[in-house]
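Structural overview for review
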Amino acid sequence: MATFFSSRDSRDTLEEATRPSAPNPERVSRPTETRQKEAVEQLKARLGEDRVTRIALNFLDKWMGVHLKDGVIDWMHGRRIGMCGHEAVNFGSDSFLGFDQDARVQAAIVDGMREWGTHNGASRAFGNIALCEEAERRLASWMGVEDTLIYPSVTLANIGLLPALAGKGDLLVLDRKSHDSLHQSARIAEGNGAKVVILDPCNGVALRQILEAEDYEGCVVAVDGIYSMTGEMPPLGELDEVTRAHGGILYVDDAHGTGLVGPKGRGAASMLLDSLDNALVVGSLSKAFSCLGAFVTCDAKLKRILKIRSSTFIFGGPVPPPYLAGICKVCDILESPEHDEHLRRLRQMVDQLISGIRGLGLKMYGGEAAIIAVTIGDIEQTFKAGKALFDRGYYVQSATYPAVPIMGGVLRIQVNANHTPEDIAGLLKGLAELKSKFGLGGN
Ligand SMILES: Cc1ncc(COP(=O)(O)O)c(C=O)c1O
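Rules of the game
- Residues numbered from 1 in each chain as written.
- Predicted model: local features only at pLDDT ≥ 70, side-chain atom pairs only at ≥ 80, totals over all residues.
- Helix = DSSP H or I, 4+ residues; strand = E, 2+ residues; numbered from the N terminus.
- Expected span 1.5 Å × (residues − 1).
- Buried ≥ 20, exposed ≤ 12 C-beta atoms within 10 Å, placed from the backbone.
- Arc of directions from axis to C-beta.
- Core = buried A, V, L, I, M, F, W, Y, C linked by C-beta atoms within 7 Å.
- Domains from an automatic or database assignment.
- Contact = placed C-beta atoms within 7 Å.
- Pairing = 2+ DSSP bridges.
- Axes fitted to C-alpha atoms, helices over the stretch in contact; angles between N-to-C directions.
- Nonpolar A, V, L, I, M, F, W, Y, C, P; charged D, E, K, R; others polar.

Some remarks on helix 16 (residues 379–391)
With 13 residues, helix 16 extends 19 Å between its outermost C-alpha atoms, agreeing within 8% with the 18 Å of an ideal straight helix rising 1.5 Å per residue. Restricting attention to buried positions, one finds in helix 16 the residues Ile-379, Thr-382, Phe-383, Ala-385, Gly-386, Leu-389 and Phe-390. Each buried residue of helix 16 sits inside an arc of 160 degrees when the element is viewed along its axis, so together they form one side. Gly-393, located one to two residues past helix 16, shows a positive phi value of around 100 degrees.

A look at the nonpolar core
Judged by nonpolar contacts, the single largest core of 118 residues is most densely connected at Leu-172, Val-221, Val-252 and Val-374. At eight residues, the largest contribution of residues to this core is made by helix 7 (residues 154–165). Each of two domains, domain 1 (63–92 + 338–438) and domain 2 (101–334), supplies a minimum of three residues to this core. Residues in contact with Val-374, not counting those within four places in the same chain, are Ile-357, Leu-362, Met-364, Val-410, Leu-411, Ile-413 and Leu-431.

A look at the sheet that holds strand 15 (residues 409–414)
Spatial strand order, 11-12-15-14: four strands in an open sheet with antiparallel pairing. At either margin of the open sheet sits one strand with a lone partner, and together these are strand 11 (364–366) and strand 14 (397–399). Between one strand axis and the next, the sheet turns by 30 degrees as a mean value, whatever way the strands run. As paired strands, strand 12 (residues 371–377) and strand 15 are joined by six bridges and run antiparallel to one another. Within the sheet, the bridge partner assigned to Val-374 lies in strand 15 and is Leu-411.

Comments concerning the environment of Leu-239
Of note, Leu-239 is situated in helix 10 (residues 236–245). Separated by 10 residues in the primary sequence, Leu-239 and Ile-249 place their C-alpha atoms 9.9 Å from one another. Apart from the residues within four sequence positions on either side, Leu-239 is in contact with Gly-204, Leu-207, Val-221, Val-223, Pro-234 and Leu-250.

Thoughts on the domain arrangement of the chain
Along its sequence, the chain is organised into domain 1 (63–92 + 338–438) and domain 2 (101–334). Here the C-alpha centre of domain 2 lies 27 Å away from the C-alpha centre of domain 1. The interface of domain 1 with domain 2 comprises 19 residues on the first partner and 14 residues on the second. Of all the secondary structure elements, the ones that give two or more residues to the side of domain 1 that touches domain 2 are helix 15 (338–360), strand 11, strand 12 and strand 15. Class assignment for the residues of the side of domain 1 that touches domain 2 results in 11 nonpolar, five polar and three charged.

Points about the pairing of strand 7 (residues 219–224)
With six of six residues buried, strand 7 is to be regarded as a mostly interior element. Along strand 7, one buried face is formed by Cys-219, Val-221 and Val-223 and the opposite face, lined by Val-220, Ala-222 and Asp-224, is buried too. Pairing between strand 5 (residues 171–175) and strand 7: four bridges, direction parallel. Each residue of the ladder has a partner; that of Val-173, found in strand 7, is Val-221. Pairing analysis gives five bridges linking strand 7 to strand 8 (residues 249–253), with the strands arranged parallel.

What about unusual backbone geometry?
Note that the residue after Asp-200, namely Pro-201, is joined by a cis bond; omega there is 5 degrees. With respect to the secondary-structure elements, Pro-201 resides in the loop between strand 6 (195–199) and helix 9 (204–213). Cis peptide bonds are those with omega within 30 degrees of zero, and the linkage from Tyr-401 to Pro-402 qualifies with 10 degrees. Here Pro-402 is to be found in the loop between strand 14 and strand 15. A positive phi angle, close to 55 degrees, is found at Lys-264, a residue other than glycine. By secondary structure assignment, the location of Lys-264 is in the loop between strand 8 and helix 11 (268–272).

Shown next as structure tokens:
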């Protein structure tokens, strides 16, 4: 623990450090405001020179008006949106079960606000509200685990959890294709002394080679449950088997599987693992749940430990009470037979889209949950293909480098349970036109 006066401070250095510096005549002659403006200009120039920033800014300038990344949604009604003066069907929403539009979820959020106010205004390290405890219990019961711990987002869960789980003497194996937030979290864990090894390709053989070659005290293997850009699933079953055999634990960021796949919609890990007893699963409360936040599965003992080891839990704010009330309402729906009906509708839409895309002979990935990616390839073509669909009234996301490999641009399509068969048929018609216009190849 750092103290304010460290043992390195001598009386002299302390005095020196606190002594006002002699005025710089050049500085004194220029007003403070002018100097600050110059410093900000220099900062922007320096940041703009960074290679990745320069490349990204060049993309945006070069394809201005085509990439849709600056597009502002002016209104939403069901899955229809008004954007850039057009009306379009939105295939870019993570609200996979359509709960963003569900009157019961909306009412629960409003009621939660009336009862608890907009925010309880303190980090959970200082205390908790009963509604948060209830939401954690409800999530644990739905997931079939002993307990859960809620964080304000999946990113903050990952940043709080990975460095809490792996430190000095430990090994953290990270799937190369996993979400950026896992990579950022791994950097913090590495800074704390963990050894980080990248898993590529992501399979049991490659993982075994790593685990057999390394010495470690504890070991965490971190992967996505469903890759966010392509909708594909890593082989969680074989990763779990190898991880267990080598005394490690599997950490699954299941942001895009939560509520959608596996028994009771408990996610990709529940679908592909025999049991969650050797895994920590992070689920999203913002995507299929359409509320806000994330949770990690745990037992009561681990929960206590995580509460004192996760920096984002201690030093950050909580999920506001209205959303906790919304999460409890979504749990009611997920625990009821109605959930099966939502999943059936979603599957029907996904299957219609998959068979249409296959029928067109386009190259596609995913579709296990609700994300489907159609390969375009080149960055410019990917932006143009997305814009051509938008002009026809269908909004999909053009996913390009660095979210995917440099020539691996895809149209990322997010299917929602409240899309209609007509929405899907219209999108397929648009894709058929793209095929001839862009000369897209087959599988
Ligand atoms: C796998 C994965 N992890 C984390 C995130 C970030 O989630 P959040 O917005 O809750 O921080 C995403 C976002 O799409 C994701 O796909």
